[in-house]
2 protein chains.
Amino acid sequence: MIVAREYLQSFGIRPSVQRVAVMHYLLTHRTHPTVDEIYSELVNEIPTLSRTTVYNTLHLLYEHGAILALCIDGVNTHFDGYTSPHAHFRCSQCGKIYDVDLDDVAFVERNTPKNASIVTDAQLYYKGVCAACANKSN
Amino acid sequence: MIVAREYLQSFGIRPSVQRVAVMHYLLTHRTHPTVDEIYSELVNEIPTLSRTTVYNTLHLLYEHGAILALCIDGVNTHFDGYTSPHAHFRCSQCGKIYDVDLDDVAFVERNTPKNASIVTDAQLYYKGVCAACANKSN
DNA sequence: AGTATTTTTGTAATGATTTCAAAAACGAAA
DNA sequence: TTTCGTTTTTGAAATCATTACAAAAATACT
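Residues numbered from 1 in each chain as written. Chains lettered and ligands numbered in written order. Predicted model: local features only at pLDDT ≥ 70, side-chain atom pairs only at ≥ 80, totals over all residues. Heavy atoms only, no water.

Caption draft 1: Main features of the overall build of chain A. Helices and strands together make up the secondary structure of chain A, namely 6 helices and 5 strands. Reading chain A from its N terminus to its C terminus gives the helix and strand order α-α-α-α-β-β-β-β-α-β-α. Seen through its C-alpha atoms, chain A measures out along the principal axes to roughly 45 × 45 × 25 Å. Put simply, chain A has 138 residues, and 44% of those count as buried. In chain A, of all internal contacts separated by at least 6 residues, the share reaching a separation of at least 24 is 47%. Carbon and sulfur atoms make up 50% of the accessible area of chain A, which amounts to about 7200 Å² in all. For chain A, the distance from the average position of its 11 positive side-chain charges to the average position of its 14 negative side-chain charges is 3 Å. (Helix = DSSP H or I, 4+ residues; strand = E, 2+ residues; numbered from the N terminus. Buried < 20%, exposed > 50% of the residue type's maximum accessible area, 1.4 Å probe, protein only. Contact = heavy atoms within 4.5 Å. Areas by Shrake-Rupley, 256 points an atom, 1.4 Å probe, with all protein chains shown as cover. Lys, Arg positive; Asp, Glu negative; His and termini not counted. Charge placed at Lys NZ, Arg CZ, Asp CG, Glu CD.)

Caption draft 2: Representation of the packing of helix α2 (residues 17-28) of chain B against helix α3 (residues 35-42) of chain B in the model. Residue and element names in this part refer to chain B. Viewed as axis vectors pointing N to C, α2 and α3 meet at an angle of 110°, and their least axial separation amounts to 11 Å. As far as their axial angle goes, α3 and α2 are roughly perpendicular. The handedness of the crossing between α2 and α3 is right-handed. Contact with α2, carried on its side by Ala21, Val22, Tyr25 and Leu26, involves Glu37, Ile38, Glu41 and Leu42 of α3 and no other residues of that element. Its residues placed into classes, the contact of α2 with α3 shows 6 nonpolar, no polar and 2 charged. (Axes fitted to C-alpha atoms, helices over the stretch in contact; angles between N-to-C directions. Parallel < 35°, antiparallel > 145°, perpendicular 65-115°, else oblique. Left-handed = near helix turned anticlockwise from the far one by under 90°. Nonpolar A, V, L, I, M, F, W, Y, C, P; charged D, E, K, R; others polar.)

Caption draft 3: Spatial organisation of the side chain of Asn111(A). Its location among the elements puts Asn111(A) in the loop between α5 (107-110) and β5 (116-130). Residue classification places Asn111(A) among the buried residues on the basis of a relative accessible area of 4%. Among the polar contacts listed, one links the side chain of Asn111(A) to the backbone nitrogen of Asp103(B), at a separation of 2.6 Å. Once residues lying within four places of it in the same chain are set aside, the contact partners of Asn111(A) are Val100(B), Asp101(B), Leu102(B), Asp103(B) and Tyr126(B). (Polar contact = N/O pair within 3.5 Å; in protein donor to acceptor, adjacent residues only side chain to side chain.)

Caption draft 4: Up close: the pairing of strand β5 (residues 116-130) of chain B. The sheet contact formed by β5(A) and β5(B) spans 13 bridges and is antiparallel. When the sheet's bridge partners are listed, Ala122(A) is paired in β5(B) with Tyr126(B). As defined by bridge partners, strand β3 (residues 87-91) of chain B adjoins β5(B) across 4 bridges and the pair is classed as parallel. Paired with Cys91(B) across the bridge in β5(B) is Gly128(B). (Pairing = 2+ DSSP bridges.)

Caption draft 5: Quick look at the interface of chain B and chain A. In this complex, chain B contributes 37 residues to the contact, which on the side of chain A involves 37 residues. Between chain B and chain A, a total of about 3100 Å² is buried, with carbon and sulfur atoms accounting for 58% of that surface. Per-residue buried area on chain B facing chain A is highest for Phe107(B), Tyr125(B) and Tyr126(B); these three make up 20% of the total on that side. Along the contact surface separating chain B from chain A lie 2 salt bridges. As a salt-bridge pair, Asp103(B) and Arg110(A) come within 2.8 Å of each other at their nearest N and O atoms. Viewed at the interface, chain A and chain B are joined by 19 residue pairs in polar contact (both at pLDDT 80 or more). Contributions of two or more residues to the side of chain B that touches chain A are made by β1 (68-71), β4 (97-100), α5 (107-110), β5 and α6 (131-136) of chain B. Tallying contributions element by element places β5(B) first for the side of chain B that touches chain A, with 15 residues. (Buried area = accessible area lost by both parts, 1.4 Å probe. Salt bridge = Lys/Arg side-chain N within 4 Å of Asp/Glu carboxyl O.)

Caption draft 6: Spatial organisation of the protein's contact with DNA strand D. By nearness alone, 15 residues border DNA strand D, and Arg14(A), Ser16(A), Arg19(A), Thr53(A) and Tyr55(B) come closest of all. Of everything in DNA strand D that lies within 4 Å of the protein, sugar and phosphate atoms constitute 76%. One of the backbone nitrogen or oxygen atoms of Ser50(A) is found 3.3 Å away from a phosphate oxygen of DNA strand D. Separating a sugar or linking oxygen of DNA strand D from a backbone N or O atom of Val75(B) is a distance of 3.3 Å. When residues in the surface near DNA strand D are grouped by element, the largest group, 3 residues, is from helix α4 (residues 51-63) of chain A. In the surface near DNA strand D, the residues fall into 3 nonpolar, 10 polar and 2 charged. (Near = heavy atom within 4 Å.)

Note that all results are geometric; they support no functional claim without further evidence.
So this is what it looks like as structure tokens:
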């Protein structure tokens, strides 16, 4: 948790118990969880935790650039504590979201829209069926 | 409308009045509209049109690969009748979604996830503030 | 025409997210 | 450490996009 606390402070975010817990969860779980997945886990260690606080916190972290927000399945927003440039792949069968390495990390930046005055975010995602699910259904 | 009708048939989609109207709208409006924007326009020419039909139709068109579905603002799904490889840029100020050309169209395909058995869709999007909005607020 | 199939429609339900105001926690100053 | 102002958290209620569903309408087939 010490890491999460300092990480938050490096973004100028006050490290409340709830914020540290959310940030810590994202730094230690590379599963791209939803609000509800985060809430359901953390409410065990913080019984008074409110879903709204999780929403508020994720919003705050996102605004400060401390986490990524993935709009990929059209239903839930998924969150990622790993902010280095990479893409995502969502399996429509199992719903898992995988990280995808890029052969040319500068590509996204190089193609920044010409009419953009500020760019705050860029995401590349793939959808399909993962190898694990393809094997199962054979 | 003749173009939309034939376009649908080329995907093996039965060209009902409603489907042709939706497809025609997307082929003639490069604005990445939402379900509601499409519905509100088309209900003028098809007074009995139902929102559910627009949902059904867009779903069908998407499943057949006739249109793109953009999950970019976390609230509404936006649709695009222009399916050639390109990225998108959403201005968080005005909400407009712009098309973005890519300097290397093969990039996305080249970085297809290694653990993907099937890839059905790939999207690259940017978020930020467009030049038009940046000028206004100065 | 008559029947089976597909498509459309409208209403009701679902469920993620936001709103909002009160309560609690925190920080600074004395 | 008390007090006061500010920030944060909380929970209930509201919002709103999307889905479920079953009846009605349109279409295809014989």
